[in-house]
Amino acid sequence: MRFDVISLFPELFSAVRDHGVTGRAHRQGLWSLRVWNPRDFTHDVHRTVDDRPYGGGPGMVMMAQPLEEAVHAAQADRADAPVWLMSPTGRRFDQRMAQELSEGRGAILVCGRYEGVDQRFIRRCVTHEVSMGDFVLSGGEIPALAIMDSAVRLLPGALNDRESAHQDSFHETLTGLLDSPHYTRPEVYQGESVPPELLSGHHANIALWRRRQSLALTLARRPDLIEAARAAGRLSKADEAFLASLKH
Ligand code: SAH
């Protein structure tokens, strides 16, 4: 898998390339990263990448031409790669998109700055607009980092058995539940014990406890995910009985 990132701040991407699970996967050759700076595709002495908005208003807008040339450079040997623009007006990124991305060959991720990018660049070059959520950041770099991290950790071999993604929140894409709470040593911390079910060594009881914790947490925080799981036929009779007992 290969990611190409278009960004005015290439140095930020060592965060995902050099550290943790994604850094290890990079060293193992499971994925590669190339970062392209639009400033290197300018043709004036000031290396201008932004200008004032037509129609007036505050801030600056990223010019189409340096972005388009950077995308073309990234596409030189991978013309079929999707081009994702980071944008709060895009489709909200989720675990299903991370899963699909991890099954493909990667993408070109374009990071906006300032007020955004010239619409003509979007029309000409961008295949998808993707949002991190209903909030505004000062640039697309953090969304691009998050997207790469979420996809790379799903690559076969990126996580070892002990780090398995199977129990993660949302794992069964949009019909998954939230993850159950985790505990590690010591058994008693500041007077608070680990739940006894987790100390029992009884695998079926532990699984039942985790399932019930997930169900209760999801019902409390994300009832929409309970509905989705029900509609997808992912709740057993025992799950439904437990959920019903919570409502009394
Ligand atoms: N004026 C724009 C926000 C620009 S923020 C608007 O209101 O829609 C500058 C850049 O940060 C954007 O071009 C985009 O690349 C990035 N960005 C900001 N918030 C984001 C979000 N929630 N998801 C993805 N990218 C975001």
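Residues numbered from 1 in each chain as written. Predicted model: local features only at pLDDT ≥ 70, side-chain atom pairs only at ≥ 80, totals over all residues. Heavy atoms only, no water.

Undergrad: How would you explain the nonpolar core if you had to name every residue and give the values?
TA: Ranked by size, the top nonpolar core spans 28 residues in total, and within it Phe-3, Phe-13, Trp-31, Trp-84, Leu-109, Ile-147 and Met-148 carry the most contacts. Breaking this core down by element, the ones donating at least two residues are strand E1 (2-6), strand E5 (83-92), helix H4 (95-102), strand E6 (106-110) and helix H6 (141-152). In terms of residues, this core owes the most to one element, H6, which gives 6 residues. When sequence neighbours within four positions are dropped, the list of residues in contact with Phe-13 reads Val-5, Ser-7, Leu-33, Val-35, Cys-111, Glu-141, Ala-144, Leu-145 and Met-148. (Core = buried A, V, L, I, M, F, W, Y, C linked by side-chain atoms within 4.5 Å. Buried < 20%, exposed > 50% of the residue type's maximum accessible area, 1.4 Å probe, protein only. Helix = DSSP H or I, 4+ residues; strand = E, 2+ residues; numbered from the N terminus. Contact = heavy atoms within 4.5 Å.)

Undergrad: Give a description of H4 that names residues and reports values.
TA: Within an α-helix, residues lying three or four positions from one another point in the same direction, as the helix has 3.6 residues per turn. Regarding H4, the residues found buried are Gln-95, Met-97, Ala-98, Leu-101 and Ser-102. Mapping the buried residues of H4 onto a view down its axis gives an arc of 160 degrees, with all of them on the same face. Buried residues along H4 sit against E1, E5, E6, strand E7 (128-131) and H6. Between the side-chain oxygen at the start of H4 and the backbone nitrogen of Arg-96 there is a gap of 3.1 Å, and the oxygen is on Asp-94. (Arc of directions from axis to C-beta. Polar contact = N/O pair within 3.5 Å; in protein donor to acceptor, adjacent residues only side chain to side chain.)

Undergrad: Break down the sheet that holds E1 for me, with residues and values.
TA: Strand order across the open sheet formed by 5 strands is E2-E1-E6-E5-E7, with parallel pairing between neighbours. The strands lining the two open edges of the sheet, one partner per strand, are strand E2 (32-36) and E7. Direction aside, the axes of adjacent strands within the sheet are offset by 35 degrees on average. Together, E1, E5, E6 and E7 form the strand contacts of H4, whose direction differs from that of E5 by roughly 170 degrees. (Pairing = 2+ DSSP bridges. Axes fitted to C-alpha atoms, helices over the stretch in contact; angles between N-to-C directions.)

Undergrad: I'd like a description of the domain arrangement of the chain, backed by residues and values.
TA: The domain boundaries assigned to the chain delineate domain 1 (2-152) and domain 2 (167-246). Inter-centroid distance (C-alpha atoms) of domain 1 to domain 2 is 36 Å. (Domains from an automatic or database assignment.)

Undergrad: Let's hear about the pairing of E6: which residues, and what values?
TA: Most of E6 sits inside the fold, with 5 of its 5 residues counted as buried. Burial of E6 is two-sided: the residues Gly-106, Ile-108 and Val-110 facing one way and the residues Ala-107 and Leu-109 facing the other way are all buried. Where E1 lies against E6, 5 bridges are found, and the strand directions are parallel. Across the sheet, residue Arg-2 finds its bridge partner in E6, namely Gly-106.

Undergrad: Requested: an account of H6, with residues and values cited.
TA: With 12 residues, H6 ought to run about 16 Å at 1.5 Å a step, and its terminal C-alpha atoms sit 16 Å apart, in line with that. Burial analysis of H6 places 9 of its 12 residues in the buried class, the great majority of the element. Taken residue by residue, H6 has Glu-141, Pro-143, Ala-144, Leu-145, Ile-147, Met-148, Ser-150, Ala-151 and Val-152 as its buried positions. (Expected span 1.5 Å × (residues − 1).)

Undergrad: Could you give an account of the site of the ligand, with specific residues and numbers?
TA: Around the ligand, 20 residues are found, and the nearest of them are Met-86, Glu-115, Met-132, Phe-135 and Leu-137. For the ligand, a nitrogen atom lies 3.3 Å from a polar atom in the backbone of Ser-87. Computed on the free molecule, the ligand has an accessible area of 560 Å², of which 84% lies beneath the protein chains in the complex. In this structure the site holding the ligand corresponds to the largest pocket. Those elements giving two or more residues to the shell around the ligand turn out to be E5 and E7. With 4 residues, the top contributor of residues to the shell around the ligand is E5. Taken together, the residues of the shell around the ligand sort by class into 9 nonpolar, 9 polar and 2 charged. (Near = heavy atom within 4 Å. Areas by Shrake-Rupley, 256 points an atom, 1.4 Å probe, with all protein chains shown as cover. 1 Å grid on protein atoms, 1.4 Å probe; cavity = no way out; pocket = protein on both sides within 12 Å on 5 of 7 lines; lining within 4 Å. Sits in = over half its atoms within 2 Å of the grid points. Nonpolar A, V, L, I, M, F, W, Y, C, P; charged D, E, K, R; others polar.)

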